[in-house]
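# Geometric and topological summary
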Amino acid sequence: MYKYVALGMQIQSEIEIPGLFPFDFQESGGTVMVKMGTVPETLQNEILEVKPFSFFNEREFIYHIPDAAKFYITNGDKILIEPLTDNLDEVFFYLYTGVLATVLFQKNILPFHVSGVVLKNNTVLLFAGHQRAGKSSTSIMLQNRGYLPFTDDTAVLQVKNGLCYATSSYPIIRAMERTLEKQSVYSDDEITPKIKEGFKFGINFHKKFTPEQLPVSGIVFLSEDGDEVEISPMKSTEAIKWLKFNIYRKQWVNGMKKELLEFQTISQIAQSKLHFFSVKRPWESDSFEILAQAIEDQVIHQIGK
Amino acid sequence: MENKKNIVWLASYPKSGNTWFRSFISALRNKGEVDINAISTEGIFSQKRGLEECLDLDADEIPVSKMDQFKRISFEHQSNTSAMKCFVKIHDLYSMSKIDHQPIVPQESTLAAIYFVRNPLDVTISMANHNGQTLDEAIAKVVCNEHAHLVHSEKHAQDQFQQYLGTWNMHVESWKNVSAFPVIFIRYEDMKMNPQDSFSQVLKQIEYEATEEEIQLALEASQFEKLKNQEVEFGFREKPKACKSFFNKGEVGQWKEHLNQVQINKIRQFNEPMMREFGYWEE
């Protein structure tokens with residue numbers, strides 16, 4: 001059996017999953033078991049939502065990516081994989097991006113759509129935003145300036161005693177080619193095409209990965225607007241709207257009956273000791289180096305000392 | 001399961017009245033209110049975000065070989081799950097996918113298409129403003145370019161998929177040749193000259209029920225100057241970066257003042273058949 005940790009979950013698998021972080025643990029309740037097998041045609045209980053590639057209820061989820069894989073995820077602790085291709089990298093890709101998030105939803109945990117870096121004081125600065133907002137590019141440009149990667153694309157946020165903590169996902173950064181051209185931290189053998197014929201590449205950062213929870217000192221909400229980089233503090237009341245928008249796979253909230261969980265999670269984060277920032281950047285792709293410097297000057301120097 | 005035919009494609013070469021019609025539909029649905037940043041039609045064919053929420057995938061990570069298939073699946077789902085007509089903007093030239101050789105749009109989910117056609121001489125002027133180009137560039141790179149595209153590089157993260165346009169003539173002709181579903185052609189110049197009649201006619205042809213009063217109210221709300229004023233006051237999120245104002249002038253016959261004879265001749269040379277077909281040749 002292979003053992004991993006991802007998004008704070010202990011994962012035990014009968015097959016090797018190269019993109020996850022290996023981690024030895026004593027088996028306990030809640031461990032996620034990954035097996036290979038035939039995915040059933042339908043759910044055992046009533047289907048609450050049907051989408052082109054999935055159908056689900058609160059406790060069961062079938063995900064079928066044509067010519068790639070089928071997945072059956074149940075009770076927040078079982079993943080059954082049925083590959084439909086010989087290319088296991090493609091199968092695992094869907095495991096990392098969609099299936100793990102499903103398990104979290106079933107465990108009553110909402111993941112957030114964020115990337116992030118570790119600051120010098122061992123806290124985390126997160127970048128939130130929709131696809132293509134520049135989360136990964138901002139993180140990589142800050143890594144060029146000496147910061148360590150924390151997570152890419154998703155993280156779990158939990159509040160304890162008024163402090164917000166983040167747990168990272170898995171040690172892969174997904175980035176477009178133009179971002180890779182500007183990075184100076186990773187060697188060519190750490191970078192691979194993420195999906196056959198896709199446009200994104202994966203950077204493996206197993207050696208720098210932090211599986212432990214770290215306190216979050218700030219969340220930066222990224223958007224494209226205007227001609228210059230503009231950074232401003234955001235009130236927590238305003239952040240509620242942005243946090244809601246940045247729940248990863250927010251389109252599942254209703255179908256999986258997580259409305260109350262959404263309200264509770266966002267309220268707790270908004271009320272925690274945390275700085276929120278609005279960062280607007282020009283649309284041009286080459287604005288990320290300037291953006292990274294501005295974030296270092298105006299955000300990290302304020303909260304990350 | 002049989003597909004529901006709910007989709008009405010709002011098709012056009014860019015800068016031909018498409019956004020005006022979407023604003024009109026939005027006003028019609030909202031009792032004469034329209035917010036250009038919340039147009040209540042059912043999206044844009046090339047936009048990645050709708051597909052991502054529908055399929056639970058990142059559009060930039062879909063293999064190229066599956067891209068067109070997944071787009072069709074996404075809109076089929078939208079059509080099947082909608083209780084009303086879905087108006088979807090599309091700027092793509094109508095064609096078979098180069099990837100899977102199927103039509104680029106899901107024909108089985110299509111009720112009809114409304115094609116907005118505008119004199120390419122005027123399109124050129126609006127296009128130059130839209131793209132931040134000179135008139136000569138708009139002519140050479142877009143209206144007379146057989147390889148013209150919107151969104152140039154598929155390798156860069158942009159909110160829209162690449163869209164193949166071709167020349168103005170190729171674009172109009174491609175939609176004229178569609179036989180799988182009705183395509184209703186409406187000239188921008190007629191929309192401007194007699195909006196009540198032309199908009200009413202189009203609605204009638206797609207069997208969209210609205211009274212003359214409702215249409216009049218929606219037309220007043222979506223007048224060009226009102227949309228332009230909204231853009232000045234609140235901005236317009238569909239405006240490209242290079243464009244100073246999306247709602248520029250919208251006038252008919254601007255080309256007579258702005259284009260020189262060489263430019264006119266070149267546009268006519270590349271676009272003659274459809275210019276003749278739609279009454280722009282003799283002007």
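Residues numbered from 1 in each chain as written. Chains lettered and ligands numbered in written order. Predicted model: local features only at pLDDT ≥ 70, side-chain atom pairs only at ≥ 80, totals over all residues. Heavy atoms only, no water.

Broken down by element type, chain A carries 6 helices and 21 strands. Whereas a compact globule of 305 residues would reach a radius of gyration of roughly 19 Å, chain A reaches 19 Å, a difference of no more than 12%. Each principal axis of the C-alpha atoms in chain A carries an extent, and together these give about 55 × 45 × 40 Å. Scored against the burial criterion, the 305 residues of chain A give a buried share of 59%. (Helix = DSSP H or I, 4+ residues; strand = E, 2+ residues; numbered from the N terminus. Rg over C-alpha atoms; globule rule 2.2 N^0.38 Å. Buried < 20%, exposed > 50% of the residue type's maximum accessible area, 1.4 Å probe, protein only.)

So, about the overall build of chain B. From N to C terminus, chain B includes 12 helices and 6 strands. When the backbone C-alpha atoms are referred to their principal axes, chain B occupies close to 55 × 45 × 40 Å. Restricting the contact set of chain B to residue pairs at least 6 apart, pairs at least 24 apart contribute 71%. In the structure as shown, chain B presents an accessible area of about 12,500 Å², 48% of it carried by carbon and sulfur atoms. In chain B, which carries 32 positive and 41 negative side-chain charges, the distance between the mean positions of the two groups comes to 3 Å. (Contact = heavy atoms within 4.5 Å. Areas by Shrake-Rupley, 256 points an atom, 1.4 Å probe, with all protein chains shown as cover. Lys, Arg positive; Asp, Glu negative; His and termini not counted. Charge placed at Lys NZ, Arg CZ, Asp CG, Glu CD.)

A packed helix pair is summarised by two numbers, namely the angle formed by the two axes and the spacing between the axes. All names here are of chain B. Packing of helix H8 (residues 195–205) against helix H9 (residues 212–221) brings their axes to within 10 Å, and their N-to-C directions diverge by 120°. If you check the angle between H8 and H9, you find them oblique. Viewed along their axes, H8 and H9 form a crossing whose handedness is right-handed. Here Pro195, Gln196, Phe199, Ser200 and Leu203 of H8 lie close against H9, whose contacting residues are Glu212, Ile215, Gln216 and Leu219. Among the residues forming the contact of H8 with H9, the class breakdown is 5 nonpolar, 3 polar and 1 charged. (Axes fitted to C-alpha atoms, helices over the stretch in contact; angles between N-to-C directions. Parallel < 35°, antiparallel > 145°, perpendicular 65-115°, else oblique. Left-handed = near helix turned anticlockwise from the far one by under 90°. Nonpolar A, V, L, I, M, F, W, Y, C, P; charged D, E, K, R; others polar.)

Attention shifts here to the environment of Asp35(B). In this structure, Asp35(B) sits in the loop between helix H1 (18–29) and helix H2 (48–55). Exposure remark for Asp35(B): the relative accessible area of 39% places this residue in the partly exposed category.

So, on to a negative patch on the surface. Residue and element names in this part refer to chain B. On the surface, Asp197, Glu212, Glu213 and Glu214 cluster together into a negatively charged patch. Among the elements that take part in the negative patch, H9 stands out by supplying 3 residues, more than any other. Among the residues examined, glutamate 212 registers a relative accessible area of 41% and is labelled partly exposed. (Patch = residues over 30% accessible without salt bridge, like charges linked within 9 Å, V, L, I, M, F, W, Y side chains within 5 Å. Salt bridge = Lys/Arg side-chain N within 4 Å of Asp/Glu carboxyl O.)

Here we come to helix H12 (residues 261–277) of chain B. Residues and elements named next belong to chain B. Bending of H12 peaks at approximately 90° at the position of asparagine 271, with proline proline 273 no more than four residues after it. When H12 is considered as a whole, its buried residues turn out to be Gln263, Ile264, Ile267, Asn271, Met274 and Met275. Two or three places before valine 262, at the start of H12, stands the capping residue asparagine 260, its side-chain oxygen 3.1 Å from that residue's backbone nitrogen. Remark: glycine 279 follows H12 within two positions and exhibits a positive phi of approximately 80°. (Bend = angle between axes of the 7 residues up to and from the residue. Polar contact = N/O pair within 3.5 Å; in protein donor to acceptor, adjacent residues only side chain to side chain.)

This part takes up the domain arrangement of chain A. Residues and elements named next belong to chain A. In terms of domains, chain A is made up of domain 1 (2–107) and domain 2 (112–303). On the side of domain 2, 26 residues touch domain 1, which itself brings 30 residues to the contact. The junction of domain 1 with domain 2 conceals about 2,400 Å² of combined surface from both sides, 70% of it contributed by carbon and sulfur atoms. The three residues of domain 1 that bury the most area against domain 2 are Leu7, Phe21 and Phe105, which together make up 29% of that side's buried surface. Scanning the region where domain 1 abuts domain 2 turns up 6 residue pairs in polar contact (both at pLDDT 80 or more). (Domains from an automatic or database assignment. Buried area = accessible area lost by both parts, 1.4 Å probe.)

Residue and element names in this part refer to chain B. Spatially, 4 strands are ordered E2-E1-E3-E6 in an open sheet, and the strand pairing comes out parallel. Only two strands of the sheet have a single neighbouring strand rather than two, namely strand E2 (86–90) and strand E6 (183–187). With strand direction ignored, the average angle separating the axes of adjacent strands in the sheet is 20°. Bridging between strand E1 (residues 7–12) and strand E3 (residues 110–117) involves 6 bridges; their strand directions are parallel. Along E3, the bridge assignment pairs isoleucine 7 with threonine 110. (Pairing = 2+ DSSP bridges.)

With that settled, the discussion passes to the pairing of strand E14 (residues 155–160) of chain A. All names here are of chain A. Strand direction decides the pairing type here: strand E10 (residues 111–112) and E14, joined by 2 bridges, are antiparallel. Each residue of the ladder has a partner; that of proline 111, found in E14, is valine 156. Across 6 bridges, E14 lies against strand E15 (residues 163–168) in antiparallel orientation. Directly across from leucine 157, in E15, lies its bridge partner alanine 166. In sequence, E14 turns back onto E15 through a hairpin of 2 residues, with asparagine 161 there showing a positive phi of about 50°.

Turning to the interface of chain B and chain A, a few remarks are in order. Interfaces are often sized by the amount of accessible area the parts lose when they come together. Listed per partner, the contact involves 28 residues of chain B and 35 residues of chain A. For the chain B and chain A pair, buried surface summed over both sides reaches about 3,000 Å², with 52% attributable to carbon and sulfur atoms. Along the contact surface separating chain B from chain A lie 7 salt bridges. Residues Asp159(B) and Arg132(A) are paired through a salt bridge, measuring 3.0 Å at the closest nitrogen-oxygen approach. Joining chain B to chain A, the criterion identifies 14 residue pairs in polar contact (both at pLDDT 80 or more). Elements with a contribution of two residues or more to the side of chain B that touches chain A: H2 and helix H3 (64–80) of chain B. At 7 residues, the largest contribution of residues to the side of chain B that touches chain A is made by H3(B). Along the lines of polarity and charge, the residues of the side of chain B that touches chain A split into 11 nonpolar, 4 polar and 13 charged.

Take the environment of Glu190(A) next. Residues and elements named next belong to chain A. Relative to the helices and strands, glutamate 190 is located in the loop between helix H3 (177–180) and strand E17 (191–193). Sequence separation of glutamate 190 and phenylalanine 205 is 15 residues, and the distance between their C-alpha atoms is 7.6 Å. Those residues in contact with glutamate 190 that lie beyond four places of it in its chain are Val185, Gly202, Ile203 and Asn204.

Scanning the entire structure with this criterion turns up 22 salt bridges over all chains. Measuring nitrogen to oxygen at the nearest pair gives 2.3 Å for the salt bridge that ties Arg174(A) to Glu61(B). Separated into two different chains, Arg174(A) in strand E16 (residues 172–176) and Glu61(B) in the loop between H2 and H3 make up a pair that spans both. The two residues Arg174(A) and Glu61(B) agree in class, both being buried. Residue Arg49(B) is joined to Asp159(B) by a salt bridge in which the shortest nitrogen-to-oxygen separation is 3.8 Å. Of the two residues, Arg49(B) sits in helix H2 while Asp159(B) sits in the loop between strand E4 (149–150) and strand E5 (163–164), which places them 110 residues apart along the sequence.

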